[in-house]
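Working through the structure, step by step
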Protein chains: 2
Amino acid sequence: MKRKVEEFYPDWYHEEAPAGSWRSILKWGDPNEFKAPSRALYRMMKDVFDMTDDDFKEKKEMGLEKVEYDSPSHFTEQQLKDLAAIVGEDNVTTDDYARLSVAYGKTMIDLMRLRKHIAENLPDAVVYPRSHEDIVKLVKYCNDNKIPMYVYGGGSSVTRGVEPVCGGVSLDMRKNFNKVVRFSEHNQTITVEAGMSGPRLEEILNHAPEILHAKGRYTCGHFPQSFEYSSVGGWAVTRGAGQNSSYYGKIEDIVISQTYVTPIGVIKSDECPRNATGPSIDQIMMGSEGTFGILTHVTLRIFKYMPENRFRFSYVFKDWDSAVTAAREIMQGEFGYPSVFRVSDPEETSIGFRLYGVADTPIDTVLKARGYEDGKRCLMLGFTEGERHFSHNVRRRIARICHKYGAMFTTGIVTKAWEHGRFRDPYLREDMGDYGLMLDTLECSVNWDNFMDVYKQVRKFCKSRPNTMCMTHMSHFYPQGANLYFIFEAKMSDIDEYLEYQYGIMDHIQKAGASMSHHHGIGKMTAPWLEGQIGSKELDIYRTLKKHFDPNNIMNPGGTLALDLPDEQRRDNKGILEGKKAEIPHYDCDD
Amino acid sequence: MKRKVEEFYPDWYHEEAPAGSWRSILKWGDPNEFKAPSRALYRMMKDVFDMTDDDFKEKKEMGLEKVEYDSPSHFTEQQLKDLAAIVGEDNVTTDDYARLSVAYGKTMIDLMRLRKHIAENLPDAVVYPRSHEDIVKLVKYCNDNKIPMYVYGGGSSVTRGVEPVCGGVSLDMRKNFNKVVRFSEHNQTITVEAGMSGPRLEEILNHAPEILHAKGRYTCGHFPQSFEYSSVGGWAVTRGAGQNSSYYGKIEDIVISQTYVTPIGVIKSDECPRNATGPSIDQIMMGSEGTFGILTHVTLRIFKYMPENRFRFSYVFKDWDSAVTAAREIMQGEFGYPSVFRVSDPEETSIGFRLYGVADTPIDTVLKARGYEDGKRCLMLGFTEGERHFSHNVRRRIARICHKYGAMFTTGIVTKAWEHGRFRDPYLREDMGDYGLMLDTLECSVNWDNFMDVYKQVRKFCKSRPNTMCMTHMSHFYPQGANLYFIFEAKMSDIDEYLEYQYGIMDHIQKAGASMSHHHGIGKMTAPWLEGQIGSKELDIYRTLKKHFDPNNIMNPGGTLALDLPDEQRRDNKGILEGKKAEIPHYDCDD
């Protein structure tokens, strides 16, 4: 009997990156966690990207070399002594590796720069504050001395939000500023320091009886894809959303109170759930992305931990229109909302079925036999939560609406497969990057009226580039609209080429009338589009607040939220592409 | 057989107020609607207020006289011509009656002034804008000429919010600025002009198939007690809440987008349900109470109209502690929230039972027999809404929790009685005022941790005055807290005496740590307490925004939101009463 030749599958680099290497910084999350493209995805990538096995035999730009660059700290000995006098000697460093490791977030342009050994926009020192009081002193010192201040929370920013483009200090919150400040089971709130990590908070709440002497177990309800490497402070300052936000709400629904240290003093909102005492202080500060001041304490709502009431579902629809209509009807049904809730377009469904192991199974055979064709069919998945009867009813109502729109129930197995990988997809980018492949995402907020236009126009642009995957889904739903999320993959490792493509997508998101971000925030990356979207008079409000809180522009300066963005970087929504090169904005920080 | 002498019951004045009279302005709502204290309440008032039938034989300060005052408009002929050129001649008036009728809202101090023929703080002209464009022109004209601008929406302000203390123009929105601008059944939103009245909006939505060619019927979900005489614009600028807000949300949950005309230009937020594009423009503008600019268009969420799914409930608890604990558990149960939801304290329950006709019925007998004692027992009432199964489940969960805390079900009859009178209580004040009786309310926002302190301390002060009723309830609930609402009644018709009492209550609300308003707003009345509550740095944020939008201070000047409140009017939360007389603040408008 002749054996089939074994199919080639790349020899992915699944070793811990060398200590002190560029790769150890660009790597997502756990140094010993990896996620290779599955064999199915590998085959698909070769097909779509027009590549052969030979293209996957040699890795490049792996960043295995030790971090070295020639960009010394500008701080004087005295300045370093002054900082050490505030936070202690152990909590200030000018070490090159430490400085680079807080300079970038985790967007594609960050990973590309690290692979190419580009170390730019570095802080002059990394500082590890221990308390609110430390931060009060640091802000006073930096303001008196006009030293720029940046904050590094979980480090998962995908908007260049943390990047210290004007140097100065970067406050790394992970090390010392991550404690529980107060817990009230009665109020169902917890107050934490801004550097508290997502998983640690969830662990504390799940184990509240043991750790906090509580009667019950709780959950934070906020699980962004970056959850494992995100911080509570980052959630709030960017106006983030977790994957379960359709039920638990976006971070602005979860935050009850915040404390910020600004150059003009401490701003603190009260802990009443709601009031009518003028504009909301919380909502004025949330979304300021470090440009008004430094978030120190956050009081969050907490929720009962009831995983036993989680009911998983998945449905396949014959087409995108019926899937979207059903999703809208579900969100407008007034029976409560599902928790995780996603609807994938035909391209994402097709790829997802391969990734989740549905393709070519008996389920797939039945689907095809019943006319759910690959390339047209769309997957909806999610789960319900809350009190048992409530959760059960949401599931039943969803079933009824899905059947009405001709969907076939495909069990909770698909959902479990998605859940299993929900926080692990970012690891894919390391293996892909080793072979010059790019995987990135952009998201925007739409209402039901403009959603289909945005979907079509943006996808049309994405797909105008040959050999490119563009998976699209809706998630984070509301009765009035949803988040629309684009995942694109291509063979692309040149920064300029990448930026031109990315800029084109953002131009088209804006042109089609969507809001430029639903939950990633603006940072420095999307800043050129902000004014075109929200309007000049509206942006002036932010500029006025900025000047009020931070007259010396020391708080996250260098284009964040377009507050100090040079005019020539601005992209309006009319002649958007003409005469404007796609490039990483550079700022004159001496102004 | 000897007949019992018929019990005396006052001869209430239930006639339409004379045209052009002071009473026609102080009267609530419909000129032909009246609500007299029931016989039970009448007996109770005599008892508590230490009055006899004789005290109810002669009415005084009824305001039946024709409005006359000597306070001519300061506008020149040219100015009036200029205004007429913008809005048309028919839409500008300097008529004394028209000017007085938009000068006050409906708080106790307003009614007292009208009864005493005090006409102060009048506008120099009343203008009736017809469109957004009219308002753009009016704002430009007034800003160029430094003419103060006030807005009169539904006229139901209880915070002196509308009062034109610096003269100028008052824009009466009711007449011409009340149309539907856009309706999207797909988005489940409606956009209206700010002068749209509550009942008209609800009528349009309930009859959406006939009026808007919609497929379904809708509700606005926002029903403040002032509903019948409130406007959509007023709901938004004050951060109001309807009685059904535990289910439908407070106005900031319902508003999707707003357009404001400010002296520096038009501010408009986008119509996406959520975004992460910097601080929320909607939340910065909402709560500005006319001090940043004039709200012209509001886009609101709408909800399915399903009265058939409304399940009414009422329960009686043995005491306040168990009622409050049950309410908290209901709000923290994660099975959805009831719509209307109220828990009355023992005093309000006692009075409510008389008003709703429960006292001395078989239900009352059973209650007493089972140990639910008058003076200790507490009433919880409400109803559930939404999709049928959802609504049903909320009702069942509530039942289970109430039984756990020893409550007795008292059917939906009590709730129906409350519903029947829900919008009619304000009419009571006319009949009471005729006999020198005061009925007023104050509200505040609390979290569960500080709620009992606030309740006890404020009530202690209220009851320190002899012969005074103080009914208290919680309503507008959240998992983290609730609105705490005080209704006080006494024989009191002297303005200074009234103010001293009211100021004392507000001092105690603040001292106990509550937020100064949950949904009435701040206006000019509560302004002296605002800084003490939210903090000086926090108030400075509002002042900075104010200066940005309105550099000439023409927008609702004269103390609103404490933006231009003289220091000597400010009451801090330490030495609150010392050296400070309780008086209506007077402002120097020439600055």
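Below is a short write-up of the structure. (Residues numbered from 1 in each chain as written. Chains lettered and ligands numbered in written order. Predicted model: local features only at pLDDT ≥ 70, side-chain atom pairs only at ≥ 80, totals over all residues. Heavy atoms only, no water.)

Glancing now at the interface of chain A and chain B. Contact with chain A, which involves 87 residues of that partner, is made by 87 residues of chain B. At the boundary of chain A with chain B, total buried surface from both sides reaches about 6,900 Å², with 53% on carbon and sulfur atoms. For the chain A face of the interface with chain B, the top three residues by lost area are R274, E334 and Q480 of chain A, together amounting to 12%. For the pair chain A and chain B, the interface holds eight salt bridges. Between chain A and chain B we count 62 residue pairs in polar contact (both at pLDDT 80 or more) in total. When the residues that make up the side of chain A that touches chain B are grouped by side-chain class, the tally is 32 nonpolar, 33 polar and 22 charged. (Contact = heavy atoms within 4.5 Å. Buried area = accessible area lost by both parts, 1.4 Å probe. Salt bridge = Lys/Arg side-chain N within 4 Å of Asp/Glu carboxyl O. Polar contact = N/O pair within 3.5 Å; in protein donor to acceptor, adjacent residues only side chain to side chain. Nonpolar A, V, L, I, M, F, W, Y, C, P; charged D, E, K, R; others polar.)

This paragraph deals with the sheet that holds strand β4 (residues 169-172) of chain B. Residues and elements named next belong to chain B. What the four strands build is an open sheet, ordered β1-β2-β4-β3; its pairing is mixed. Of all strands in the sheet, those with a lone pairing partner are β1 (92-93) and β3 (149-152), marking the two edges. In this sheet, strand β2 (residues 125-127) lies alongside β1 in antiparallel orientation, the contact comprising two bridges. For V92, the partnering residue across the bridge sits in β2 and is V127. (Pairing = 2+ DSSP bridges. Helix = DSSP H or I, 4+ residues; strand = E, 2+ residues; numbered from the N terminus.)

Moving on, we come to empty space enclosed by the protein. Residues and elements named next belong to chain B. Considering all chains together, one arrives at 10 cavities of 30 Å³ or more under this definition. In terms of residue count, helix α5 (residues 108-115) provides more of the lining of the largest cavity than any other element does, four residues in total. Partitioning the lining of the largest cavity into residue classes produces five nonpolar, three polar and four charged. (1 Å grid on protein atoms, 1.4 Å probe; cavity = no way out; pocket = protein on both sides within 12 Å on 5 of 7 lines; lining within 4 Å. Points joined across faces, edges and corners; volume = space filled by probe spheres on them.)

This brings us to a positive patch on the surface. Positive charge collects at one region of the surface, where R396 and R400 of chain A together with R396 and R400 of chain B lie side by side. Sorting the residues of the positive patch by element identifies α16 (388-404) of chain A together with α16 (388-404) of chain B as the ones contributing at least two each. Residue position: R400 of chain A is located in helix α16. R400 of chain A sits in the exposed class, given a relative accessible area of 60%. (Patch = residues over 30% accessible without salt bridge, like charges linked within 9 Å, V, L, I, M, F, W, Y side chains within 5 Å. Areas by Shrake-Rupley, 256 points an atom, 1.4 Å probe, with all protein chains shown as cover. Lys, Arg positive; Asp, Glu negative; His and termini not counted. Charge placed at Lys NZ, Arg CZ, Asp CG, Glu CD. Buried < 20%, exposed > 50% of the residue type's maximum accessible area, 1.4 Å probe, protein only.)

Of the transformation placing chain A onto chain B, the axial shift is 0.0 Å and the rotation is 180°, giving an RMSD of 0.0 Å. Look at the turn and shift together and you get a two-fold axis relating the two. Take the interface residues of chain A: 100% of them recur as interface residues in chain B, which is what a same-surface contact looks like. (Least-squares fit on C-alpha atoms with pLDDT ≥ 70 in both.)

Residue and element names in this part refer to chain A. Spatially, the five strands line up as an open sheet ordered β5-β6-β10-β8-β9, and their pairing is antiparallel. The sheet terminates laterally at β5 (180-184) and β9 (265-268), the two strands that pair on one side only. Each adjacent strand pair in this sheet contributes to an overall mean axis angle of 10°, direction not counted. Both strand β8 (residues 255-262) and strand β10 (residues 294-301) contribute to a ladder of six bridges, which runs antiparallel. Each residue of the ladder has a partner; that of V255, found in β10, is L300. (Axes fitted to C-alpha atoms, helices over the stretch in contact; angles between N-to-C directions.)

This next bit is on the environment of I267 of chain B. Position of I267 of chain B relative to the elements: it lies in strand β9 (residues 265-268). What makes I267 of chain B buried here is its relative accessible area of 0%. Distance from I267 of chain B to C589 of chain B, taken between C-alpha atoms, is 27 Å for residues 322 residues apart in sequence. Among all residues touching I267 of chain B, those that are not within four sequence positions of it are K537, E538 and I541 of chain A together with Q258, T259, Y260, T262, I281, M285 and F549 of chain B.

The next point concerns the packing of aromatic side chains. Here the structure, examined in full by the defined rule, presents 57 aromatic pairs over all chains. For the ring pair F8 of chain A and Y42 of chain A, a centre distance of 6.4 Å and an interplane angle of 55° mean the geometry is tilted. You can see F8 of chain A sitting in the segment before α1 (22-26) and its partner Y42 of chain A sitting in helix α2 (residues 39-49), a full 34 residues away along the chain. Ring geometry for Y9 of chain B versus Y42 of chain B: centroids 6.0 Å apart, planes at 80°, classification edge-to-face. Of this pair, Y9 of chain B sits in the segment before α1 (22-26) while Y42 of chain B sits in helix α2 (residues 39-49), placing them 33 residues apart in sequence. The class of Y42 of chain B is buried, set by a relative accessible area of 1%. Chaining the aromatic ring pairs together yields one cluster made of F313, Y315, W320, F341, F409, W448, F451, Y455 and F477 of chain A. (Phe/Tyr/Trp six-rings, centres within 6.5 Å; stacked < 30°, edge-to-face > 60°.)

What follows concerns the side chain of D364 of chain B. Mapped onto the secondary structure, D364 of chain B falls in helix α15 (residues 362-369). Dropping the residues within four chain positions of it, D364 of chain B is found in contact with V358, A359 and R377 of chain B.

Once that is clear, we can look at the packing of α5 of chain B against helix α20 (residues 495-511) of chain B. Residues and elements named next belong to chain B. As a packed pair, α5 and α20 sit with axes 11 Å apart at the nearest point and diverge in direction by 175°. Judged by the angle between their axes, α5 and α20 are roughly antiparallel. Across the interface between the two elements, M108, I109, M112 and R113 of α5 pack against I495, Y498 and L499 of α20. (Parallel < 35°, antiparallel > 145°, perpendicular 65-115°, else oblique.)

Moving on, we come to the pairing of strand β13 (residues 340-344) of chain A. All names here are of chain A. Within β13, five of the five residues are buried, which leaves the element mostly enclosed by the surrounding structure. Residues V340, R342 and S344 point to one face of β13 and F341 and V343 to the other, with burial holding for every one of them. Judged from the four bridges that link them, β13 and strand β14 (residues 378-384) form a sheet pairing that is antiparallel. Residue pairing in the sheet places V340 in a bridge with F383 of β14.

Moving on: helix α13 (residues 320-331) of chain B. For α13 of chain B, spanning 12 residues, the distance from its first C-alpha to its last is 17 Å, which sits close to the expected 16 Å at 1.5 Å a residue. For α13 of chain B, the N-terminal capping position is held by D319 of chain B, with its side-chain oxygen 3.4 Å away from the main-chain nitrogen of D321 of chain B. (Expected span 1.5 Å × (residues − 1).)

All names here are of chain A. As for its position among the elements, S314 is in strand β12 (residues 311-317). Judged by its relative accessible area of 0%, S314 falls in the buried class. Only 2.6 Å separates the side chain of S314 from the side chain of T410, close enough to count as a polar contact. A polar contact of 2.6 Å, which involves the side chain of S314, links it to the backbone oxygen of T411.

What follows deals with unusual backbone geometry. Residues and elements named next belong to chain A. Positive phi is not limited to glycine here, since D360 has a value of about 65°. With respect to the element layout, D360 can be found in the loop between α14 (346-355) and α15 (362-369). For D360, a relative accessible area of 68% corresponds to the exposed category. A positive phi angle is found at A562, which is not glycine, with a value near 65°.

The next subject is the pattern of salt bridges. All told, the structure shown has 87 salt bridges over all chains when counted by the stated rule. The partner of E61 of chain A in a salt bridge is K116 of chain A, with the nearest N and O atoms 3.2 Å apart. On the criterion of sequence distance, the pair formed by E61 of chain A in the loop between α2 and α3 (77-87) and K116 of chain A in the loop between α5 (108-115) and β2 (125-127) is long-range, its members being 55 residues apart. Judged by its relative accessible area of 34%, E61 of chain A falls in the partly exposed class. D540 of chain B is paired through a salt bridge with R543 of chain B; the nearest N and O atoms lie 3.2 Å apart. Placement of both D540 of chain B and R543 of chain B in helix α22 (residues 536-549) is noted, with a separation of three residues, approximately one turn of the helix. Each member of the salt-bridge network shares a partner with another, and the members are D110, R113, E120, R160 and E163 of chain A.

Think of two packed helices as two axes; the pair is described by the angle between the axes and how far apart they sit. Residue and element names in this part refer to chain B. Where helix α3 (residues 77-87) contacts helix α6 (residues 132-144), the axes come no closer than 9 Å and their chain directions differ by 155°. One element, α3, and the other, α6, form an angle in the roughly antiparallel class. When the axes of α3 and α6 are compared, the crossing they make is right-handed. The segment α3 lies against α6, with Q79, D82, L83, I86 and V87 engaging D134, K137, L138 and Y141. Here the residues of the contact of α3 with α6 sort into five nonpolar, one polar and three charged. (Left-handed = near helix turned anticlockwise from the far one by under 90°.)

Looking now at α2 of chain B. All names here are of chain B. Every buried residue of α2 is accounted for by A40, L41, Y42, M44, M45, K46 and F49. The elements touched by buried residues of α2 are α14 (346-355), α18 (428-433), β16 (437-447), β17 (468-478) and β18 (481-491). Phi turns positive one or two residues past the end of α2, at D50, with a value near 60°.

This part takes up the environment of E387 of chain A. Residue and element names in this part refer to chain A. By secondary structure assignment, the location of E387 is in the loop between β14 and α16. Overall, E387 belongs to the buried group, its relative accessible area being 9%. Each C-alpha atom of the pair E387 and N309 lies 6.7 Å from the other, and the pair is 78 residues apart in sequence. Polar contacts involving the side chain of E387 include one to the side chain of H389, which spans 2.7 Å.

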